[in-house]
Every structure is written in C-alpha cells, then in structure tokens.
Amino acid sequence: METSLSVIATIMVGVLIWWPLQNLVLAVFAWRSPQRPRSVRRTPDPVPFWIVIPALNEERVIANTVRNALATGTRYTPVRVVVVDDASDDATPRILAGIRDPRLHVLRRELPMARQGKGEGLNTAYRYILDIARREGTIEQTIVGIVDGDGRCSDGMLDEIAELMAEKSVGAVQCRVRIHNRHKTLALLQDLEFGAIADSAQSLRDLVGSVGLGGNGQFTRLSVLARFHPGPWSACLVEDLELGLRLHLDGIRVRYTKSAWVTQQGLTDVKRLLRQRTRWAQGNLQCFRHLRRLTTSRFVSGVGLADFLIYLLSPWLTVPMSLLLVGLVAASAVALATGSTLGGLVATVDTLPTSAAMLVGLAMLPSLLWGLVYWIRLRDENIFRCLFAGLLYPGFLALGIIATWRALFRLLSGRNGWAKTERLAEDGQAAPPVPMPSMPMPLPAPVPAPAPRPATPPVTLDPSVTQPIPSGALAAAERTRPVPHPLAEAEPTQRLERV
C-alpha cells in the first residue's frame, strides 16, 4: 500500500515540475519568428487566391467578413471569395445578395444535404474551385484559404502567404489567430491562449515540422487538396486539425506565420465556451486514430512525433490526471483531519501550509509568465489586464478539463453531432443557437432578392461563374449571380473596421 502511494506521490511531483518547465521552454519561442525562404524568389506572375467562408446564420457578421476578404486582394495576389451558405434561415442570403462584387461567389446548400458539418461545406467549395481552376488552367498556382464567418484578415496577408509558398515544398500555411472583442474578460483569456500560448507552440512546431492547421486562417495549395479528392475535409469535429495531420502523413510541409493573422470573435459566456471546447476536445479524441500511422511515418521527425504525441495523448490523459488531482485533494483533507501523512503521500500537518503555498505557486507561475509574455510581445493591452488574465488562466484551463470529460462521455455514447459557435453582434449580444439537425427538415421559405437600383451601371460578369455547376460535383448547391460591389459605385456610407 505504501509503495503504491509513493508511486502516486512521485507521479504528482513529476507533473507539478513538468508543468512550469514545459511552459518556460515554450515561452522562449514567443520571440522566434518563422524563417522566410532565402534561396527562393517569387515569380512576377500573380498568385490566384480563393477565400472560402463557411456561413450558417451569419447575419450579424457576414457583410464585414466578406468585404474584408475581398479587400485583401492585390495586383499580385488577386482574390475571389466563395461563401458556402449552409441553408441559413436568417437574413444571411439577403445580405449576401446585396454585396455586389463580381469576385463574390455564393453556393447555397439546401436541406437535407446541408448542415452535415463544416467539412462538407468546405468540400463543396473545394470542388467548385477545382472545376473553375481546371478550366482556367491554374490548379498548380491556386491557393485556397479558409476564413470563418467572423474572421478579419490582416493587411498584406496574401502577400505573406504567397512568399512562404514560393517554396515548392510548402503545401499549407497557418496564420496567427487573435481575438478582436477582447475588452471582455473571457475573450481576453481566449486572446491570451491564441495570441501568446498557441502562437509560441506553433512557432516551435514550425521549427520541428509539426504545425497544426486551425479552422480560421489556414491556406492550402489547391493541388495539395486535390490529392484528397473528392473530400479533403472529413466529418471529424476538428476537420482542420485532421487535415493538417493528413498533410504531414503525406509528406507535405506545413508552415506557420505570425506576421499575417486573422482575428475572430471570442465567446463571452461560459456556457457557450464550454460547448465549443467540448466539440474541440471530442474532435481531438477522434484524431487519436492517426497515432499509429504517425509513429510509423517516414515523413515525421522524432521531435515532431513527440509533439504529435503530446497533443494527441493529452486529452486522454486529462481524465485520469484530473481524477488523481481530486484524489490528492481528498487525501490532503483526510490527512489534515487525522494527522496522518498516508504513507508520505501528503505533507504533515505542520508543513501542509508551506506545501500548499508551493503547489499554488507552481500552478500560478506559468500563467503569470504567459501574462508577461502576452504584454511584452503584443503591446496592445496594458500590463495590469495581461497579469489579471494570467491569474485567471488556471480557471480557464479547468473549463478545458470539464469539456474533456464531457467530450469523453459523448464519444463513448456515440454522439458525434456538433453545434455551431454562436456569433455576437456589434453590441455584444449573442446570436441565437443553431442546432445541427440529424434528420431532414423542411426547406426554409425562399428569401426574396432585393429590388434592383435604377442607378446601378451595367455589370460585367465574371466568366468563371457563368457556366453551370457540374451536378456531380455540387450536391444541392445553387449559385447567386455576382453583381457590382456598392463600395465601387459611390463613397461608402460606413467604413469597414480594419484590424
């Protein structure tokens, strides 16, 4: 019995030491900038980009997102935007019809084929883009990016992506992610997570060859996606992460850039955040099936494999480690009441306050460290807010533990449905939740198109969308005709927010 308790105590001490050491090493990489290709020059030829925006009931954010995506194009990085309207039943179709730009393509998916997961919507856009690129002869040059319905791209993003992909071995690039409504405390914690901690982890992975793809700000060569035809994205709940794993297994290099970024909305209430993180945790659990192939792949380095092992095994280890921690707290309470050390598992009554202070210090030190890193590296929040976020971050991690428990129960019970992350309006109010139906639903009433304005000049249609969409490639998808963008006709009445 005493031997078993000693083993448990040793494991707990190892975990407590590993946690601050891991974060200390990781924080160093916050100062590393991924290297640019030195011996490769960009050709003077334009690099065609498509930005895909999956949309389901995005009436609160879709207009600014589309206009921002259209504004990212330059002379050398011309851009076209595809919005996949996944049977929205709010004002999203009407808003999209009012955005008048020949570079905008809208694919409307209808029930029951629609709302089958984000991956299916992305596959619809991929097949549509592939068909156009095949006719234009630009499959090898075309780059496809994913921006969520609430995403905002940084200035010069496409030039940065094109420069990284001038190196032919690079098949995909993941951009940095930030939170643009971080004036709210919970959203600030998410910005600390994405802008500092995940950024440092991705910078390390860029060095060892294990960069992960996220759903927002990922860019992939169309020719690389075509290797996984007809569906590069799977039904996994984290289809972005799984695509990244499949690219690594296929020997395709994935890069990371922190000088190009996408901002998105952070969730501002615990209930919705917990729902989102439960989906993410369940998706990570699903990706565990790739572990065997990763361990035998000749394309994955030893250090890269270690990184893959950490983030594929961590969700599965969270459950037993949380049980162990709860058991240690309970044992400490028993020891405090009885005066026993339970075979050395817990401190004596005399040293218990000192031991508790040491444990709290070891748990808080990494979080405060990240608060400092967040302030020093980004400089867009004052130091007191950054340290405050650091103090709260352990509680934020506790929500992740709860989400992992929920995800495990969902996985074991065979529940694989997903709920879309709700958007916030400009006033901070949450949009109503949109459940993903598992059974066919009646088709929504059609949304009437807005009446044409008599002052609108004649329109030259993009020839790529005047052809019918192949029925075999696009199931239940309909086009909307692109028309001139209103910002090109007159002085805009409302300027776009650039972040």
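All of the points below concern the structure found in this document. (Residues numbered from 1 in each chain as written. Predicted model: local features only at pLDDT ≥ 70, side-chain atom pairs only at ≥ 80, totals over all residues. Heavy atoms only, no water.)

## A look at helix α5 (residues 157-164)
Residues separated by three or four positions in an α-helix point in the same direction, a consequence of the helix having 3.6 residues per turn. What counts here: Exposure is judged per residue with a 1.4 Å probe applied to protein chains only, and the accessible area is read against the type maximum: over 50% gives exposed, under 20% gives buried, and values in between give partly exposed. Runs of H or I in DSSP of at least four residues are treated as helices and runs of E of at least two as strands, each being numbered from the N terminus.
In terms of burial, α5 is largely enclosed, as 6 of its 8 residues are buried. Listed as buried for α5 are Met 157, Leu 158, Glu 160, Ile 161, Ala 162 and Leu 164.

## Structural notes on the packing of helix α9 (residues 270-286) against helix α13 (residues 383-412)
Convention followed: Think of each axis as a best-fit line through the C-alpha atoms, taken over the contacting stretch in the case of a helix, with angles from 0 to 180 degrees between the N-to-C directions. The scheme is simple: roughly parallel for angles under 35 degrees, roughly antiparallel for over 145, roughly perpendicular for 65 to 115, oblique for anything else. When the near helix sits turned anticlockwise from the far one by under a right angle, the crossing is termed left-handed; a clockwise turn instead gives a right-handed crossing. A contact between two residues is defined here by any heavy atoms of the two lying within 4.5 Å.
At a minimum axis separation of 7 Å, α9 and α13 run at an interaxial angle of 55°. By the angle class used here, α9 and α13 are oblique. The way α9 lies across α13 gives a crossing that is right-handed. Listed contacts from α13 to Val 270, Leu 273, Leu 274, Arg 275, Arg 277, Thr 278, Ala 281, Gln 282, Leu 285 and Gln 286 of α9 are Phe 396, Leu 399, Ile 402, Ala 403, Thr 404, Arg 406, Ala 407, Leu 408, Arg 410 and Leu 411.

## So, the side chain of Gln 190
Note the threshold: We call two N or O atoms a polar contact when they sit within 3.5 Å, provided that within protein one can donate a hydrogen and the other can accept it, with sequence-adjacent residues counted only if both atoms are side-chain atoms.
Residue placement: Gln 190 occurs in helix α6 (residues 185-208). Among the polar contacts made by the side chain of Gln 190, one reaches the main-chain carbonyl oxygen of Leu 267 at a distance of 2.6 Å. Leaving out residues up to four positions away in the same chain, Gln 190 has contacts with Ile 179, Gly 266, Leu 267, Leu 273, Arg 277 and Phe 396.

## With respect to unusual backbone geometry
The peptide bond linking Leu 111 to Pro 112 adopts the cis configuration, its omega dihedral lying at 10°. Mapped onto the elements, Pro 112 comes out in the loop between β3 (104-109) and α4 (118-136). The omega torsion across His 229 and Pro 230 is 10°, close enough to zero to call that bond cis. By the element assignment, Pro 230 lies in the loop between α7 (222-225) and α8 (239-249).

## Topic: the environment of Ile 161
Along the chain, the position of Ile 161 falls in helix α5. Contact partners of Ile 161, with chain neighbours within four places excluded, come to Phe 49, Ile 143, Val 173, Cys 175, Phe 219 and Thr 257.

## Points about the nonpolar core
Heads up, the rule is: Nonpolar cores are built from buried Ala, Val, Leu, Ile, Met, Phe, Trp, Tyr and Cys residues. Side-chain atoms within 4.5 Å join them into one set.
Membership of the largest hydrophobic core comes to 31 residues, with the highest contact counts inside it found for Phe 49, Val 66, Val 83, Met 157, Ile 161 and Phe 219. Sorting the residues of this core by element identifies β1 (49-55), α2 (62-70), β2 (79-86), β3, α5, β6 (170-179) and β8 (253-264) as the ones contributing at least two each. Per-element accounting of this core gives the leading share, 5 residues, to α5. When near neighbours in sequence (up to four residues on either side) are disregarded, Val 83 contacts Ile 53, Ala 55, Ile 62, Val 66, Leu 96, Leu 104, His 105, Val 106 and Leu 107. Among the nonpolar cores identified, the runner-up in size contains 28 residues, and Val 52, Val 84, Leu 222 and Ile 252 belong to it.

## Considerations on the packing of aromatic side chains
Counted only if it meets this: Here a Phe, Tyr or Trp ring, Trp counted by its six-membered ring, pairs with any other such ring whose centre lies within 6.5 Å, and the pair is stacked when the planes are under 30 degrees apart, edge-to-face when over 60, and tilted otherwise.
For the coordinates displayed, the defined rule picks out 7 aromatic pairs. Here Trp 50 and Tyr 128 contribute two aromatic rings whose centre-to-centre distance is 6.4 Å and whose plane-to-plane angle is 80°, an arrangement assigned as edge-to-face. Of this pair, Trp 50 sits in strand β1 while Tyr 128 sits in helix α4; the two residues are 78 residues apart in sequence, bridging distant segments of the chain. Given the relative accessible area of 5%, Tyr 128 is considered buried. With a centroid separation of 5.6 Å and 25° between ring planes, the pair formed by Tyr 393 and Phe 396 is classed as stacked. Of this pair, Tyr 393 and Phe 396 are both found in helix α13, 3 residues apart, which corresponds to roughly one turn of the helix.

## Remarks on the environment of Glu 242
Among the residues examined, Glu 242 registers a relative accessible area of 3% and is labelled buried. Taking the C-alpha atoms as reference points, Glu 242 and Gly 214, separated by 28 residues in sequence, lie 9.5 Å from one another. Setting aside its immediate chain neighbours within four residues, Glu 242 contacts Ser 234, Cys 236, Cys 287, Arg 289 and His 290.

## What to know about the pairing of β2
Definition in use: Any two strands between which DSSP finds at least two bridges are classified as paired. Orient the strands so they point away from the viewer, and a crossover whose first-strand-to-second-strand path over the helix runs clockwise is right-handed.
Here β2 lies mainly inside the structure; 8 of its 8 residues are buried. Residues Val 79, Val 81, Val 83 and Asp 85 point to one face of β2 and Arg 80, Val 82, Val 84 and Asp 86 to the other, with burial holding for every one of them. Of the pairings in the sheet, the one linking β1 to β2 comprises 7 bridges and is parallel in character. Among the inter-strand pairings, Trp 50 is bridged to a residue of β2, identified as Arg 80. Handedness of the β-α-β unit built from β1, α2 and β2 comes out right-handed. In the classification by handedness, the crossover that spans β2, the intervening helix α3 (residues 92-97) and the parallel β3 is right-handed.

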